[in-house]
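Coordinate inspection notes
Take a look at the letters that make up each chain.
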Amino acid sequence: MILSLPSKTPPRVRSLLLSQFAAQTKRNTVGAIAIATTSPAATAASQTSAVPSILISSSSSFSTKSKEKKQTLEDYNAEKQKAKEYRTKLYNKKQQRIQSLPNRRPKPIRDISELEVATDDNVNTSGEKKYKRGIKKAQFRNWFETKKRNEEYYNRVAKRQCQKWKIKVGLMIERLPVVTRDQEEWEKDFLHMAAQLDRERAKIYPKEIQGVDNPMDSEVLTMEELFELLPEGFKPAPRITEDDKNNNIQTTNRKLSQRVYLSIRPDDEIGWSLPIATLNEKNANNESFVDCVKRYMKSNKMLQDLKLLYLSNCPMAVDVIPYKSSEDGNGAETDERSEGGVYFGEKVFYMRVQWEEGDVNVDNKDSSKLDDWGWLARSEMVEKVKSEKGEDASLFYHYML
């Protein structure tokens with residue numbers, strides 16, 4: 001329906017006509033309402049009458065009566081039952097999610113303060129253990145941030161006292177694993193199952209194609225069955241050597257499945273550590289860390305027979321060691337290593353090099369100055385340093401090696 005009003009219709013009359021038109025439209029049909037302003041000629045014609053004319057035109061596209069289908073009792077009950085089943089489905093889904101929450105992977109630990117809470121509550125309602133993520137990362141972050149703050153403090157104190165740092169280079173001489181590492185039982189079972197699945201899922205080609213065997217004709221053998229197929233009289237070399245049984249640490253023929261590092265123990269004050277060389281300050285601008293290591297290897301008669309592989313010019317880690325009297329802020333004049341208060345402490349840059357061949361020469365004066373030495377694995381080095389210098393010093397070797 002269309003309502004047409006003259007342009008000069010008073011507001012009160014306009015609102016009255018609109019309300020009457022809306023009431024009539026609501027009773028008759030649902031349609032489009034348009035208010036149009038008539039032309040000047042129509043306006044002049046409408047002025048002859050006291051009341052403006054209302055032009056109402058019906059459109060064939062709108063029906064006057066809504067066609068609504070009557071709903072029976074059976075349809076109403078069916079609709080209610082369908083809504084009830086939908087609500088029941090949502091409720092069961094919510095209950096299943098609530099029951100699965102204790103078994104889901106928890107959020108990683110961001111702070112070391114959360115570690116105690118995480119380790120105490122490690123069993124869920126079903127009695128199974130649940131492991132928290134981020135424990136190792138939080139432990140490393142706590143140790144590293146503390147060490148970083150201490151080193152920044154020492155640098156500020158040394159700069160304030162106009163003291164230098166003595167630069168040294170540590171040697172991480174490592175022997176790579178000779179044999180593969182020992183596998184757990186679950187790893188062996190997983191590899192065996194994976195080989196079985198690869199065999200069953202492999203493609204079977206037609207017999208006309210030569211040179212391709214049927215994968216179902218092959219068998220997946222375990223390590224014990226493979227050893228039985230070896231020629232008679234052939235015996236593989238043992239993974240655990242005689243030096244391992246005798247606990248001989250002064251040889252590279254031990255811990256074949258792990259990395260071992262050449263470690264020394266000069267005296268009781270220094271304890272177990274890696275070999276350390278001092279950078280030549282007279283030629284400090286030209287001598288790199290690798291050049292310092294090579295010079296130390298040639299000058300040390302104990303290590304000069306070792307053939308090493310130098311991987312990079314970049315150090316693996318750095319350790320800041322202030323002299324004892326410098327920690328109190330009173331200068332380092334009382335420490336002999338400070339050389340009359342010139343040095344605040346020492347910074348040791350550790351370089352990783354790999355052992356290729358050669359043995360340590362123990363028949364010389366350099367080896368006689370040491371209390372002990374040996375090729376130690378990371379766990380052994382960490383235990384020895386922890387027993388002598390404490391847990392903080394042992395964590396440095398734990399994360400570096």
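Residues numbered from 1 in each chain as written. Predicted model: local features only at pLDDT ≥ 70, side-chain atom pairs only at ≥ 80, totals over all residues. Heavy atoms only, no water.

1. Focus: the pattern of salt bridges
Within the structure shown, the criterion is met by 13 salt bridges. The closest approach of N and O atoms between Arg254 and Glu380, which form a salt bridge, is 3.0 Å. In this pair, Arg254 sits in the loop between α8 (242–246) and β4 (260–265) while Glu380 sits in helix α11 (residues 378–389), placing the two residues 126 residues apart along the sequence. Residue classification places Arg254 among the buried residues on the basis of a relative accessible area of 2%. A salt bridge links Glu388 to Arg265; its shortest N-O distance comes to 2.9 Å. Taken together, the positions of Glu388 in helix α11 and Arg265 in strand β4 put the pair 123 residues apart, joining distant regions of the chain. Here the salt bridges share partners, and the residues they tie into one network are Arg265, Asp268, Asp371 and Glu388. (Salt bridge = Lys/Arg side-chain N within 4 Å of Asp/Glu carboxyl O. Helix = DSSP H or I, 4+ residues; strand = E, 2+ residues; numbered from the N terminus. Buried < 20%, exposed > 50% of the residue type's maximum accessible area, 1.4 Å probe, protein only.)

2. Some remarks on a negative patch on the surface
A contiguous patch of negative charge on the surface is contributed by Glu184, Glu185, Asp189, Glu219, Glu224, Glu225 and Glu228. Those elements that place two or more of their residues in the negative patch are α6 (185–201) and α7 (223–228). Here the negative patch takes three residues from α7, the largest share from any one element. (Patch = residues over 30% accessible without salt bridge, like charges linked within 9 Å, V, L, I, M, F, W, Y side chains within 5 Å. Areas by Shrake-Rupley, 256 points an atom, 1.4 Å probe, with all protein chains shown as cover. Lys, Arg positive; Asp, Glu negative; His and termini not counted. Charge placed at Lys NZ, Arg CZ, Asp CG, Glu CD.)

3. A short note on the side chain of Asp243
Among the structural elements, Asp243 can be located in helix α8. If near-sequence neighbours (up to four positions away) are discounted, Asp243 is found in contact with Asn248, Thr251 and Asn253. (Contact = heavy atoms within 4.5 Å.)

4. Some details on the packing of α11 against helix α12 (residues 391–400)
Closest axis-to-axis distance for the α11/α12 pair is 7 Å, and the angle between their directions is 160°. By the criterion of interaxial angle, the relationship of α11 to α12 is roughly antiparallel. The chirality of how α11 crosses α12 is right-handed. Listed contacts from α12 to Arg378, Met381, Val382, Val385, Lys386 and Lys389 of α11 are Glu391, Ala393, Ser394, Tyr397 and His398. Within the contact of α11 with α12, the residues separate by chemical class into five nonpolar, two polar and four charged. (Axes fitted to C-alpha atoms, helices over the stretch in contact; angles between N-to-C directions. Parallel < 35°, antiparallel > 145°, perpendicular 65-115°, else oblique. Left-handed = near helix turned anticlockwise from the far one by under 90°. Nonpolar A, V, L, I, M, F, W, Y, C, P; charged D, E, K, R; others polar.)

5. Quick look at the pairing of β4
Among the six residues of β4, six are classified as buried, and the element is accordingly described as predominantly covered. Alignment of strand β3 (residues 164–175) against β4, held across two bridges, turns out to be antiparallel. Bridge pairing in β4 links Arg175 to Val260. Inspection of the sheet shows β4 paired to strand β9 (residues 372–377) by six bridges, in the antiparallel sense. Opposite Ser263, over in β9, you have Gly374 as the bridge partner. (Pairing = 2+ DSSP bridges.)

6. Regarding the environment of Gly271
Along the chain, the position of Gly271 falls in the loop between β4 and β5 (276–278). Setting aside residues up to four positions removed in sequence, Gly271 forms contacts with Ile264, Arg265, Pro266, Glu388 and Lys389.

That's the geometry; what it means functionally is another story.
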